[in-house]
Amino acid sequence: MGEAAHIAKKSRISKFKRWVNDERIFAYLLNIPSIFIILLLVAYPIIYSFVLSLYKYNLKRPRRIRFNWFNNYWDILTDPFFWSVMYVTLYFVIISVVLIVVVGVGMALLLNANFYGRAVLRCMVLIPWAMPPVVNGLMWQGVLNGSYGVLNGVLLKLGIIDEYVGWLTMPFLALNVTAFAHVWNNLPFAAIILLASLQAIPDDQYQAARVDGAGLFQRFWNVTVPWLLHPILIILIYQTMLAFRVFDIIYTITGGGPAYGTTVLAWHTYMTAFGSYDFGHGNAYSYLITIITMTLAIFYIRLLYSRGDIRM
């Protein structure tokens, strides 16, 4: 009996040594601290916020906190103001993303051309992107101010306007200039990505197109555009998600006004949670933003992979 126990013990020790010496298991052991930190800092807040979204949780009424199932989501989806906010958000997203893609392509084509001072211009293009969103918003808030803004001063000197215009006092105009400020901040990123793709296009394809008699527009449509489809889709994914979650620009330039004209979904989520202290509905809004952006990302990604691989 003693000998059998000794053999079993040696077998367990041998298995343990093999287990310790296994490189894959050793790699998992090394990653355990990182996995634990990720779960603690990322997974826990995500799960906890979702749990809160299922509660009627308003700090102004702490004695009335109770489990509410999905009633918070139902309240949001049946609220006409939510759909008004969604309309403003969709308008902001569409106009921002379209301008970034279209102007980004034009800027990339310009930077790809061969002219004197091209390197300096490429460096200068990065300046808006290097600027933090909050600083960008504060800068444009000063430029667009109706009382002392630089834009009004320049236009008045040029004789384009007769008096100062309150760019941020009219809802629709404020929404458009805020979208322009967002585009100005994020346009260089798209231009640099597209420029890198343009430089990867083989010159022999353009030469073959010229031999076939293709004009400038035909070369652009049949040679350049197919090579830019993948980077454009990547830019669409990133910029759409960024525009749907825009907060800094709204916070610094308009604060959601005037008359809720620039109240986008992320700003309304912030005001619900930290303005009204309604963390139940605030977290529900956050998850609605997550669902919308994930749905759009999946659509873009499926569209991206449906194009196949580009052969170099």
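As a reminder, the structure under discussion sits directly above these lines.
(A) Here's a closer look at the overall build of the chain. On a plain count of helices and strands, the chain comes out with 14 helices and 2 strands. Considering only C-alpha atoms, the chain reaches an extent of 105 × 70 × 35 Å along its principal axes. Put simply, the chain has 312 residues, and 36% of those count as buried. Counting every atom, the chain has about 19600 Å² of accessible surface; 68% of that belongs to carbon and sulfur. In the chain, the 22 positive side-chain charges and the 13 negative ones have mean positions that sit 12 Å from each other.

(B) Spatial organisation of the nonpolar core. Core analysis: the largest hydrophobic core is formed by 62 residues, its most contacted members being Phe 82, Phe 92, Leu 194, Ile 232, Leu 236, Val 264 and Leu 265. Looking at which element gives the most residues to this core, the answer is helix α4 (residues 80-112), with 12 residues. Once residues within four sequence positions are removed from consideration, Val 264 is found in contact with Val 85, Val 88, Thr 89, Phe 92, Val 246 and Ile 250.

(C) Looking closely at unusual backbone geometry. Of note, the amide linkage connecting Gly 257 to Pro 258 takes the cis form, showing an omega dihedral of -5°. Looking at the element boundaries, Pro 258 is found in the loop between α12 (248-253) and α13 (265-275). The backbone of Trp 69 sits at a positive phi, close to 55°, despite the residue not being glycine. On the secondary structure map, Trp 69 appears in the loop between β2 (66-67) and α3 (71-77).

(D) Representation of the packing of α4 against helix α11 (residues 216-244) in the model. The N-to-C vectors of α4 and α11 enclose an angle of 145°; their axes lie 10 Å apart at closest approach. For the pair α4 and α11, the crossing hand works out as right-handed. Between α4 and α11, the residues in contact are Met 86, Thr 89, Leu 90, Phe 92, Val 93, Val 97, Ile 100, Val 101, Val 105 and Leu 109 and Phe 220, Thr 224, Leu 228, Ile 232, Ile 235, Leu 236, Gln 239, Thr 240, Ala 243 and Phe 244, respectively. In the contact of α4 with α11, the residues fall into 16 nonpolar, 4 polar and no charged.

(E) Just the packing of aromatic side chains, in detail. Counted by the stated rule, this structure contains 23 aromatic pairs. With a centroid separation of 5.0 Å and 50° between ring planes, the pair formed by Phe 189 and Tyr 238 is classed as tilted. Separated by 49 residues along the polypeptide, Phe 189 in helix α9 (residues 171-199) and Tyr 238 in helix α11 bring together distant segments of the chain. For Tyr 238, a relative accessible area of 37% gives the class partly exposed. Seen in terms of ring centroids, Tyr 251 and Trp 267 are 5.9 Å apart; in terms of plane orientation they differ by 50°. Their pairing is tilted. Placement of the pair is Tyr 251 in helix α12 and Trp 267 in helix α13, with a sequence separation of 16 residues. With a relative accessible area of 48%, Tyr 251 lands in the partly exposed category. Through a chain of ring-to-ring contacts, three or more aromatic side chains come together here, namely Tyr 57, Phe 247, Tyr 251, Trp 267, Tyr 270, Phe 274 and Phe 279.

(F) Structural view of a nonpolar patch on the surface. A contiguous nonpolar surface patch, about 700 Å² in accessible area, is contributed by Phe 36, Ile 37, Ile 38, Leu 40, Leu 41, Val 42 and Ile 46. Positionally, Phe 36 belongs in helix α2 (residues 23-53). The exposure class assigned to Phe 36 is exposed, which follows from its relative accessible area of 54%.

The rules we used
- Residues numbered from 1 in each chain as written.
- Predicted model: local features only at pLDDT ≥ 70, side-chain atom pairs only at ≥ 80, totals over all residues.
- Heavy atoms only, no water.
- Helix = DSSP H or I, 4+ residues; strand = E, 2+ residues; numbered from the N terminus.
- Buried < 20%, exposed > 50% of the residue type's maximum accessible area, 1.4 Å probe, protein only.
- Areas by Shrake-Rupley, 256 points an atom, 1.4 Å probe, with all protein chains shown as cover.
- Lys, Arg positive; Asp, Glu negative; His and termini not counted.
- Charge placed at Lys NZ, Arg CZ, Asp CG, Glu CD.
- Core = buried A, V, L, I, M, F, W, Y, C linked by side-chain atoms within 4.5 Å.
- Contact = heavy atoms within 4.5 Å.
- Axes fitted to C-alpha atoms, helices over the stretch in contact; angles between N-to-C directions.
- Left-handed = near helix turned anticlockwise from the far one by under 90°.
- Nonpolar A, V, L, I, M, F, W, Y, C, P; charged D, E, K, R; others polar.
- Phe/Tyr/Trp six-rings, centres within 6.5 Å; stacked < 30°, edge-to-face > 60°.
- Patch = residues over 30% accessible without salt bridge, like charges linked within 9 Å, V, L, I, M, F, W, Y side chains within 5 Å.
- Salt bridge = Lys/Arg side-chain N within 4 Å of Asp/Glu carboxyl O.

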